[in-house]
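Chain residues, written in single-letter form:
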Amino acid sequence: MIEVQTSPRVKRRLARVLFALLMAVALLAGLAWGVAAFTYQINLSRTGTMVSARPDVAISDDGEYVAISWADFNDVVGSTDGKIRLKRSPVSDNPVWAEHKAVFDPGTSSGNGLESRLAFDPSGNYVHVVWLWGSSNVPTQIRYSKCDITGSGMASNCDPNGQTVRSVSSGEVVQPGVAVDDTGGAHIVWVETASSAVRYRSRSAGGVWSSVESIDSPGSAPAIAFAKDGSNRYLHLAWVDDNSDEIQYQRGQISGGTASWGTTRAFAKGSLGTAGSPSIAANESSVVLVWDAVITGDKYGVAYNYSSDSGSTWQLSTQQWRLVPTGGTDLLDRVQRTSSEAGTYTQRLQPNVTLEIIGTDTLVHVVWHEYISPAGEGSERYDVYYSSADFSQLTSCSGDCWITPTNVTFDIKDLDAGVSSASAAIAVGKELTHTVYMEESGTAWDVMYNGDLDASAGLVFMPVVLKGYK
């Protein structure tokens, strides 16, 4: 019999969880919905008729603030709607979400914001947001904003706000990513479809931009992370090689505000099929890379590899990929919506990874979405799942070092057939986990947040809905 492990973090919290559950039993008549983890669930966008797309989440280095960005737009070709939204909350037992700040609002202009990514400044007072801009839902620019999240309602302006990082005259710019180093320098990646090239550009803390560099072509889906290992300051970059359908990795050493890139490493597919959707996380010398891959036919898994020496060597050989155990009954690559834009939201598994250091332990946290059919035909949907593992156990792990996947998105609404959740992201700090994802709402999508509050603080009741933009 395989014993599924629990992480050190989970073990330390079991007593608090059990206490909360006992309290729930004692108060069952009035507290029927009290639960201990992943239960602070709120709708952040509440547009009702728009697509709130591809949310991202970040947490400050001190763990005091969490920030979320996303795009609001009409799922109609030629629409002039397209706002880039930003919300933040202090990390506490009773989060207070600030009103939406519009990093970009097209107003009466012809341009729209289409997708965003963000990362915290080391000061904890600012977030760096990169986002796509275009006309008629065709992104031709990647833009950058540095936004002050302090003060009531985030009234302070973003400065700069909407600087153009790259503009193309043919094709599109897609798949943005950003990492921020220990000085406050921003490191930005994206893909240009005309050349299928992965590009990189940096902005120093003083506002000086580097030249645009080409990392690889043809390539797609870049993911970037920063970590300081002693006196070394590293960028970790992963992407898909579109020729081989394999994951590629490069480490960049930061000097003078920009990166000097090393040798590319390829993670051979082995017995896996097409690789996609890489996500990478780094903390000090620990680096974890996850991606989704075809297992067989139309079934997918979340594969991973890791490094204990800042990416110099990787602990699993190219033929020893591992799989995070997934919780659903069927992992079909199924397009949930018919429009070309929204249809991409539920493709593949789209895993997202982060690392957390607690004392001497390094913990790995992963979220992804997968297709399930809990009650047979008519009940099909996508749900978001979460799992974690102790970094030190990954070498000998055959799947049993990962905790049993938790369904992050299940609530009363999910009893309705076909209500899907997808495109999840995760951030962790102070032993608290923060997830964001898209959830279907009629013909629209909303951005949802689900937080893992400390069970010792008492029970949190769901759902909780805050007033938002309409």
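Structural notes, computed from the coordinates. All values reported here derive from a predicted model rather than from experimental measurement. (Residues numbered from 1 in each chain as written. Predicted model: local features only at pLDDT ≥ 70, side-chain atom pairs only at ≥ 80, totals over all residues. Heavy atoms only, no water.)

Within the protein chain, the regular secondary structure consists of one helix and 29 strands. Scored against the burial criterion, the 470 residues of the protein chain give a buried share of 57%. The long-range fraction of contacts in the protein chain, counting pairs at least 24 apart against all pairs at least 6 apart in sequence, stands at 55%. Summed over all atoms, the accessible surface of the protein chain reaches about 17900 Å², with 49% contributed by carbon and sulfur. (Helix = DSSP H or I, 4+ residues; strand = E, 2+ residues; numbered from the N terminus. Buried < 20%, exposed > 50% of the residue type's maximum accessible area, 1.4 Å probe, protein only. Contact = heavy atoms within 4.5 Å. Areas by Shrake-Rupley, 256 points an atom, 1.4 Å probe, with all protein chains shown as cover.)

Right, let's get into the state of the cysteines. Each disulfide consists of a covalent bond between the sulfur atoms of two cysteine residues. Counting across every chain of the model gives one disulfide. Shown here is the disulfide that connects cysteine 147 with cysteine 158, its sulfur atoms set 2.0 Å apart. The S-S bond linking cysteine 147 to cysteine 158 shows a torsion near 100°; that makes this disulfide right-handed. Note that cysteine 147 is positioned in strand S8 (residues 138-148) and cysteine 158 in strand S9 (residues 158-167), a separation of 11 residues in sequence. In terms of burial, cysteine 147 and cysteine 158 fall into one category: buried. (Disulfide = S-S within 2.5 Å.)

What follows covers the packing of aromatic side chains. Considering all chains together, one arrives at nine aromatic pairs under this definition. Taking 6.3 Å as the distance between ring centres and 20° as the angle between the ring planes, the aromatic pair formed by tryptophan 368 and tyrosine 385 counts as stacked. You can see tryptophan 368 sitting in strand S24 (residues 361-372) and its partner tyrosine 385 sitting in strand S25 (residues 381-390), a full 17 residues away along the chain. Comparing tryptophan 368 with tyrosine 385 shows no difference in burial state: the two are buried. Through pairs of rings, three or more aromatic residues link up here, namely Tyr249, Phe267, Trp291 and Trp314. (Phe/Tyr/Trp six-rings, centres within 6.5 Å; stacked < 30°, edge-to-face > 60°.)

Functional significance is not addressed by these values, which are geometric in nature.
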